[in-house]
Structure formats: structure tokens, C-alpha cells
Amino acid sequence: MLLALLVPAAFTSPWYVAYAAPLPDVSQLDNDVAADTILYASDGKTAIADLHPPGYQHYYEPLSAMGTALPEAIVAIEDRNFYSEPGIDPAGIARAAIVDIKARDTVQGASTITQQLVKVRLLGDEPTIQRKLTEALLAFAVERRYSKSEILEMYLNSVSFGNSAVGTTAASQIFFHRRTADLDLAQASMLAGLVRGPTLYSPFARWEAAKARQHEVLVAMVDDGKITQAQADKAFKEDLSPPAHMFKPASQTIAPGFVSYVTGQLKQKFGNEATYGGGLRVDTTLNLTLQDIGQKAISGTQADVAWRRVQQGALVAIDPNSGAIVAMVGSANPSTNGGQYNLAVWPPRNPGSSMKIYTYTTAIASGKYTMTTPVQDGPFQYNDVGSQTVYKPQNYDGTYHGTCQVQQCMGNSLNIPAVKVELGVGVPDVVQTARAMGAPPWQQQKDGSFTNNDDPNSFGPSLTLGGYGETPLQMATAASVLAAQGVLHQPFAITRVQRGGATVYQHADNARQVVDPKVAFIMATMMSKDENRAMIFGRNSQLTIPGWQVAVKTGTSDSFADAWTVGFTPRIAVAVWMGNPDWRIKMVEGSDSYVVAVPAWHSFLDQALPLLGPEQWYSPPQGVVVAWGDYYLPGTVPSSQPLTYAPPPPTSGGSHKKKKR
């Protein structure tokens, strides 16, 4: 009784001012408790992941969105005088004091909702008289600063319901898979009963105690005039028993590889605490339809070729006009060996002949080679950098093919001409081209680590055959550069991040021209001509997508550890890798990219391209020289061929459209 009488007077005294100075600032309540971060797909509506600490989920919800059932139930059972009291209940404190004195301990709380808010958010629940006095003083301060509605809203967003749920939204979603406003009376009264003791009244561990507590809540609501006895009786009879009618937390993550990639970026930008408890809304670039197509293409192909000792696969698809990662498949099967990793971004793998993209881009840009330059495909040997070994490259089919044009050497993926061209332009220049295109080759060091900033002169001619590592993300990025006519749009997965409605991060494109558009056009032409690869792959192979013009390059490591297919159109760039997480486990002999990786690549684009809509293939950029149907940089055309210079591109329109047949 003494405490009840003294607190109001003490609140305005000089003693209070001195005592309260070191107390927590009640304005801290303006900030919500740690809240989950939600990742959304590119549609801005579909949640693809919920990031939160283990055993803790919370989503802020305004009082106006909660409906009436749960707030009324909680007020009735926790503090029926909430709207009329000054933050504390003097009579309740007096009764509690008498009990405490008789027991010679603090055994009864007599806390109002305001006091509970102070305890949960500012003080903790140490059972001492000093803490109770401080709680009461702060409750007065809270009542002076905030309205009753604001206090109730903060309280309902802060209180724990157990089952990992903090706040009304988490409780409603986790326990009943409903919005708070959609809870019926039975559900609301069950949740309201958990506030006093989430463990004591847990419906999963102590069902009878939970039902008894629910009955107390319903009785309190009847006494408070919020419901009738008939309504209470009906609610009490409703079956809420788990697991059919009540649920536990369930993790539902769409595109786990992509989510892990985004989560890593959030940690770098905002830190671990904000990533898992900052209440961030993260809009991503993920196209759900393309992601589903990609996952099925990788998983289906892996299942079909599993007999070839292929355990995993990965895919990355990028919009070359923005750099947006529209699909990222981290593994073929998360439940199998290596499926827990995002193989789309790490570790680097042997890209095989897909590295020839950089070799021939460098060659065309150098002016030393054109798409029709003849290269002799015959016996050849060289000394690799840093080695006394004489290296004799061999073609995949083990034969020689005489003299072939550069475009045919590339299309048919002949190794010997590729090495000759690489040495002709200089290995360091090829390294620099790959780096400029967003695909710096990785060197593995003696300690097993990887570096991508080594001296360009430290790379050997095996670079063009895949002697150094790349990742699917990097290979898709490089393909996107050629697809964007030489412009590098750095790949990104996060469009925008918001906190409390305010934008705290917005993606900004820092596009750079890294390859001459004329060179990019010539490369796209060489890589998209079916006749350029007919000698090895045949006409109308799986490297073509009927009705569409597509540039493509395959790659297989010489030990059959890795198989790749990389390709692009003006609207999408795609890289596919298939193999085993442990590179020491080789695929069955003869498991080249055409039978292992191409099927997934083809399946993906065959479904994706119609969804993206009609597209125009590239028009020759201004300055490209046309001779006998082939394209050249100025000053590189053989003098025996008639010349035609490509005019400036039209202000509208363009080349003919490739339509789906």
C-alpha cells in the first residue's frame, strides 16, 4: 500500500529526477524489437526467405491491422483496467505487497500492460523490489509520453508467445497460418493465454494447462463484456489441437542458393545483426518462373546423367541489359552430396573450352586475327609457364583438321588452334580480357586457397583450355558482356532494401564499355552460326534453339571433372555447370559437355526465350566492315574481298526478328 501511495508523488519530486537520471530512456520504445528480414522475388510480392535468429520470429504490425479478437483477449486477461489506470494498478500493487511481505519474497507481480512493456523492453525481469520500483516509475514516464493505443501496439509487438513467436503477427502466422485480424475467438483466446507463461501453457507440451488457461481468458472476456457466454462456450469447444489445427515454425525458402548469395551480401552491407533482426524488406532480382525452369532443367538433367557419375549442377542466368541475376540454381539436389553449397558462386572449377571466349575476344580485338583468319590445326607443342614440361595440346577427337578459319576453330572447339591464337596475342592479354569482362581466372595456391589477382604473366597457355578456375556466375557475367554489345553491367541480386518504409539501399548501375561493340558483335556472330560448329556437333544440334538465334560455347575439362555450356541472346545470358562437388571424382569417360551440360542449357533456354518474348538480333555496329557475308574491324579485311562498311544503326527498328517456329 505504501508503494502505491508514494509512487505518484515521488514521480514529480526532486528525488525522482535524481533517481531517474540513470534509468533507461523510454524513447527507446520508439524502435521496434528485432524483426525478421524478408526477401522478395522480383514481383515484389512473393516472399522467398525469412531471415531471423534461431527460435525467434517477429514482424511489426500496427494495432489497426490486428483486428479486435486478440487485442481484446489479451487486455481482458492481462490488464482489464488498462484504459483507465495511470500505468500502474495501485490496488494490485498493494495486494501484491501484502503477499510478498507474508512470503518474505517477491512472489506476485501485479504488473499492468504498461509495466510489462517496460519489463520486456527496458528492464528485464529480475525479481527484486528495486526493479519493481523502477518499473513503476518508468511506467508513469511511458504513460506520459505515449497514448494508450501506442502502448498497447508496442506491447503486442513485443510480447513472446513461445513457439519462436514474438508479437501478434508471428504468433498468428506460426500457430495458425493466419493474419492476426483473421483469428477467430478460439484461436485468439488460446494465444492470449500464452502471454503469462509461454512454456507453462504450451499447447504442444501441456495441452490440458493450455486449455485451462484458454478458459480463463474466455471467462475474463465475458466478465469484461467483450463476448457472450454462448460465444465463449462455442470457442472453448472448437478443436485447436496440434498438429492438425496448430502448427510449429516451418522454414520455407525458395531458391536456397540465391537466398544464401543475397544473405551474404546483406551481411557485408548491413552486418549480421541487421541481416537477421533488422526488419529489412529486401527486393531482389529473382524471376520465379525462370528460377523454376532453371531448377527443373538442372535437376532433371542431373537425374538423367547420374549414371555417368554426375552428382551436381548449377546455373546462372543474367539480364545482360541491367546485370540483374534472374535465376541462380545453386545445386541439382540439396539433399545429395554437395547440395548444401551454392555451387553457382563457389568454388572455381575448370571451365574447359568455354574459356576460349576470352581468347577469341582478345584475338579479334587485337586486329591480328579476324573471323576468317586461317589457322593450321596440326601437331604442336610448347613449354608451359613455370614448368620444364613440354605440353602437346590435343583436340577432343584426337585428330587434326587441317586449316580452318578462326570462326570454325572456335565453333568446333578445336584446342590446338585455340592455343596457337592465344600465344599469338599473348596469354597476359587474354587474362586481362577475362578480368575486364567480369570473369577473373582463379589460381589455386599451394595451401588450397584461390586468388584472382595474380600477375598476368604467371598464367600459362593452358588458360584457354580451362587450366584456371571460373564460376558459373563469372561465366554468365562474361557472356552478358558480349550480349550487351561489350557493356559490363555488374551482376546484382538486390534491387532495394527498406527499413521501416525508408529506403536504405538502392541498386545503381555503373555500366562500363569493356569490349569494343564491334568486337562483341563479331563474337556474337561467330558463336551463333550453326555452320561454324557443324563439323564436330552436326547441323541443328542441341546447341541450337529452334526459332531463335543463340550464341553458345561448350567446355569440358580434359579429365571429365567439369562440363559447361555458356550462351546468350540479346535478352539473357546463361551459364551451366555440371559435375561433382569434389573435383577428384571424375565423370564417366566420354561425359563431355554436349551430353552432360548442353541438355540443361537447351532445356532452360527453350522454355525461357518464349517467356521473354520476341527479340531482335544485333545489327552491325557503326564501323564494322562487311565482306563476303563476314564481319571485320576496320583495316583487317583481306584485300581480295569486296568491302562494305556497316552504316550507323537506325534510330528505330533494326534487323529482322527471329520468331519461334
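Since the model is a prediction, treat every value here as computed from it, not as a measurement. (Residues numbered from 1 in each chain as written. Predicted model: local features only at pLDDT ≥ 70, side-chain atom pairs only at ≥ 80, totals over all residues. Heavy atoms only, no water.)

1. Digging into the overall build of the chain
And step 1. Along the backbone of the chain there are 23 helices and 26 strands.
And step 2. When each of the 661 residues of the chain is scored for burial, the buried share is 53%.
And step 3. Taken as a whole, the chain presents about 28400 Å² of accessible surface, with 53% of it coming from carbon and sulfur. (Helix = DSSP H or I, 4+ residues; strand = E, 2+ residues; numbered from the N terminus. Buried < 20%, exposed > 50% of the residue type's maximum accessible area, 1.4 Å probe, protein only. Areas by Shrake-Rupley, 256 points an atom, 1.4 Å probe, with all protein chains shown as cover.)

2. Digging into the packing of aromatic side chains
And step 1. Across all of its chains, the model carries 12 aromatic pairs by this definition.
And step 2. Between the aromatic rings of Phe-175 and Phe-176, the centroid separation amounts to 6.4 Å while the plane-to-plane angle is 40 degrees, which identifies the pairing as tilted.
And step 3. One aromatic cluster in this structure is built from Phe-175, Phe-176 and Phe-204.
And step 4. Its guanidinium or amino end placed over the ring of Phe-236, Lys-211 lies 4.3 Å from that ring's centre, counting from NZ or CZ.
And step 5. Over the ring of Tyr-40 we find Arg-281; its NZ or CZ atom is 4.0 Å from the centre of that ring. (Phe/Tyr/Trp six-rings, centres within 6.5 Å; stacked < 30°, edge-to-face > 60°. Lys NZ or Arg CZ within 6 Å of the ring centre and 35° of its normal.)

3. Some words on the pattern of salt bridges
And step 1. Taken as a whole, this structure holds 15 salt bridges when the rule is applied.
And step 2. Residue Arg-496 pairs with Asp-283 through a salt bridge whose shortest N-O separation is 3.2 Å. On the criterion of sequence distance, the pair formed by Arg-496 in strand E16 (residues 494–499) and Asp-283 in strand E6 (residues 280–284) is long-range, its members being 213 residues apart.
And step 3. For Arg-496, a relative accessible area of 29% gives the class partly exposed.
And step 4. Via salt bridges that share partners, Glu-78, Arg-196, Arg-213 and Glu-216 belong to a single interconnected network. (Salt bridge = Lys/Arg side-chain N within 4 Å of Asp/Glu carboxyl O.)

4. Description of the nonpolar core
And step 1. Core analysis: the biggest nonpolar cluster contains 80 residues, and Tyr-358 and Phe-568 have the highest contact counts within it.
And step 2. When near neighbours in sequence (up to four residues on either side) are disregarded, Phe-568 contacts Ala-479, Leu-482, Ala-483, Ala-524, Met-527, Val-550, Ala-551, Ala-573, Trp-617 and Tyr-618.
And step 3. Listed in part, the 57 residues of the second largest apolar core include Tyr-155, Phe-161, Phe-176 and Ala-232. (Core = buried A, V, L, I, M, F, W, Y, C linked by side-chain atoms within 4.5 Å. Contact = heavy atoms within 4.5 Å.)

5. Concerning the side chain of Glu-61
And step 1. Along the polypeptide, Glu-61 turns up in the loop between strand E3 (57–58) and helix H3 (69–78).
And step 2. Buried within the structure, Glu-61 lacks any salt-bridge partner; its nearest side chain of opposite charge belongs to Arg-179, at an N-O separation of 6.3 Å.
And step 3. At 2.7 Å, the side chain of Glu-61 and the side chain of Thr-168 are in polar contact.
And step 4. A distance of 2.8 Å separates a polar atom in the side chain of Glu-61 from a polar atom in the side chain of Thr-180.
And step 5. Residue contacts for Glu-61: discarding those within four places in its chain leaves Met-66, Glu-153, Asn-157, Thr-168, Thr-169 and Thr-180. (Lys, Arg positive; Asp, Glu negative; His and termini not counted. Polar contact = N/O pair within 3.5 Å; in protein donor to acceptor, adjacent residues only side chain to side chain.)

6. Remarks on the state of the cysteines
And step 1. Considering all chains together, one arrives at 1 disulfide under this definition.
And step 2. What pairs with Cys-404 in a disulfide is Cys-409, and their sulfur atoms sit 2.2 Å apart. Between Cys-404 and Cys-409 the sulfur-sulfur dihedral comes to about 90 degrees; the bridge is accordingly right-handed.
And step 3. The exposure class assigned to Cys-404 is buried, which follows from its relative accessible area of 8%. (Disulfide = S-S within 2.5 Å.)

7. Brief notes about the pairing of strand E19 (residues 551–556)
And step 1. Burial analysis of E19 places 6 of its 6 residues in the buried class, the great majority of the element.
And step 2. Residues of E19 alternate between two faces, with Ala-551, Lys-553 and Gly-555 on one and Val-552, Thr-554 and Thr-556 on the opposite face, all of them buried.
And step 3. As paired elements, E19 and strand E20 (residues 562–569) share 6 bridges and run antiparallel to each other. Paired with Ala-551 across the strands is Phe-568, a residue of E20.
And step 4. Hairpin geometry of E19 and E20 is characterised by an intervening segment of 5 residues between the two adjacent antiparallel strands and by a positive phi of about 60 degrees at Phe-560. (Pairing = 2+ DSSP bridges.)

8. A look at the side chain of Asn-415
And step 1. Among the structural elements, Asn-415 can be located in helix H17 (residues 415–425).
And step 2. In this structure Asn-415 comes out as buried when scored by relative accessible area, which is 12%.
And step 3. Side chain to side chain, Asn-415 and Ser-353 meet in a polar contact 3.4 Å long.

9. What to know about the packing of helix H15 (residues 356–366) against H17
And step 1. Across the interface, H15 lies against H17 with an axial gap of 9 Å and an inter-helix angle of 50 degrees. Overall, the two elements H15 and H17 adopt an arrangement that is oblique. Note that H15 runs across H17; the crossing there is left-handed. In contact with Lys-356, Thr-359, Tyr-360, Thr-362, Ala-363 and Ser-366 of H15, H17 contributes Asn-415, Pro-417, Ala-418, Val-421, Glu-422 and Val-425.
And step 2. A breakdown of the residues in the contact of H15 with H17 according to their chemical character gives 6 nonpolar, 4 polar and 2 charged. (Axes fitted to C-alpha atoms, helices over the stretch in contact; angles between N-to-C directions. Parallel < 35°, antiparallel > 145°, perpendicular 65-115°, else oblique. Left-handed = near helix turned anticlockwise from the far one by under 90°. Nonpolar A, V, L, I, M, F, W, Y, C, P; charged D, E, K, R; others polar.)

10. Thoughts on unusual backbone geometry
And step 1. With omega at 0 degrees, the peptide bond leading from Pro-242 into Pro-243 counts as cis.
And step 2. Here the amide bond leading from Trp-346 into Pro-347 is cis, since omega sits at 0 degrees, within 30 degrees of zero.
And step 3. Turning to its location among the elements, Pro-347 is positioned in the loop between strand E8 (325–329) and H15.
And step 4. In the Ramachandran plot, Trp-628 falls in the positive-phi region, its phi being about 55 degrees despite a non-glycine side chain.
And step 5. Looking at where Trp-628 falls in the secondary structure, it is placed in the loop between strand E23 (625–627) and strand E24 (630–632).
And step 6. Its relative accessible area of 61% is what places Trp-628 among the exposed residues.

11. Section: the pairing of strand E7 (residues 312–318)
And step 1. Of all 7 residues in E7, 7 are buried; the element is thus mostly enclosed.
And step 2. Judged by which residues are buried, E7 turns out to be covered on both faces: Gln-312, Ala-314, Val-316 and Ile-318 on one side and Gly-313, Leu-315 and Ala-317 on the other are all buried.
And step 3. For E7 and strand E21 (residues 572–579), the ladder comprises 7 bridges, and the chain directions are antiparallel. Of the residues in E21, the one forming a bridge with Gln-312 is Gly-579.

By themselves, these are just geometric observations and shouldn't be taken as functional.
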